[in-house]
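Residues per chain are reported as follows:
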Amino acid sequence: MERSIVRATEEDAAEILALYRSNLYGAADWSEHYPDEETIEYDLSREALFVMKEGGEIIATISIDEDEEVKKLPCWSPSLQPSGELSRLCVKDGYRNQGIARQMMEHTFEELRKQGCKSVHILVKTGHKVALQSYSHLNYRQVGSCHLFEKEFLCFEKEL
C-alpha cells in the first residue's frame, strides 16, 4: 500500500491524538496531559504538523516545534542559525523499525531547508534508548543537556 507524508489538517486531529495516546508512558514519558488537543491545535495553526498516511490511516506524525525555552539553550551552534526544532515524532505500533521515523525526519529536514534553516535540533529525554540510537544513525551530534519541563534531556543538533 502506498504511503504519503502530508501536512496535517483539522480533520486529522482526533486520529493524531489517538496515536499520541497509544504511546503514553513510554520512554518519551508522554502522559494524558502532553501532547494534548491544545498541542495539536498549536501545531496545526502554524502548519507545522506532518503525518504519514497509508490507505488513509495515519501511521506516523512529527512536528516542527517553536519553543522559546528550547531556542534559548546555550548549546546550539551560533554558526548553524537559524535552526528548527523537531518534536513529537510518533510511529504507530506495528509500523516501527521500517524506516518510517527516518522518512518523517527527512521530510521535515526539507521543510526546514525551504524555511532557510541551517540546522535542526531535538531534545531527547534521558534514557530514551530507541530515540538516542535513531538520532545517532541520522548523524545528529549531542551538544549538551538541559533540564526543562521538569525533565532531563539530551540536546542534539544536525547541520542541514
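Preceding this paragraph is the structure being described.
Reading the values: rules and limits
- Residues numbered from 1 in each chain as written.
- Predicted model: local features only at pLDDT ≥ 70, side-chain atom pairs only at ≥ 80, totals over all residues.
- Heavy atoms only, no water.
- Phe/Tyr/Trp six-rings, centres within 6.5 Å; stacked < 30°, edge-to-face > 60°.
- Helix = DSSP H or I, 4+ residues; strand = E, 2+ residues; numbered from the N terminus.
- Buried < 20%, exposed > 50% of the residue type's maximum accessible area, 1.4 Å probe, protein only.
- Axes fitted to C-alpha atoms, helices over the stretch in contact; angles between N-to-C directions.
- Parallel < 35°, antiparallel > 145°, perpendicular 65-115°, else oblique.
- Left-handed = near helix turned anticlockwise from the far one by under 90°.
- Contact = heavy atoms within 4.5 Å.

Caption draft 1: Spatial organisation of the packing of aromatic side chains. The full count for this structure, using the stated rule, is five aromatic pairs. Relative to tryptophan 30, the ring of tyrosine 20 lies with its centre 5.3 Å away and its plane at 80 degrees, an arrangement referred to as edge-to-face. One end of the pair, tyrosine 20, is in helix H1 (residues 13-21); the other, tryptophan 30, is in the loop between H1 and helix H2 (37-45), and 10 residues separate them in sequence. Relative accessible area serves as the criterion here: at 0%, tyrosine 20 is assigned to the buried category. Taking relative accessible area as the criterion, tryptophan 30 reaches 9% and is therefore assigned buried. Aromatic side chains phenylalanine 149 and phenylalanine 153 sit 6.2 Å apart centroid to centroid with 80 degrees between the ring planes, which places their arrangement in the edge-to-face category. In this structure an aromatic cluster arises from ring pairing among Phe109, Tyr135, Tyr140 and Phe156.

Caption draft 2: Fine view of the packing of H1 against H2. In the contact formed by H1 and H2, the axes pass within 10 Å of each other and the chain directions differ by 130 degrees. Looking at the two axes, H1 sits oblique to H2. Every pair of crossing elements has a handedness; the one defined by H1 and H2 is right-handed. Taking contact as the criterion, the partners of Ala13, Ile16, Leu17, Tyr20 and Arg21 in H1 are, on H2, Glu37, Ile40 and Leu44.

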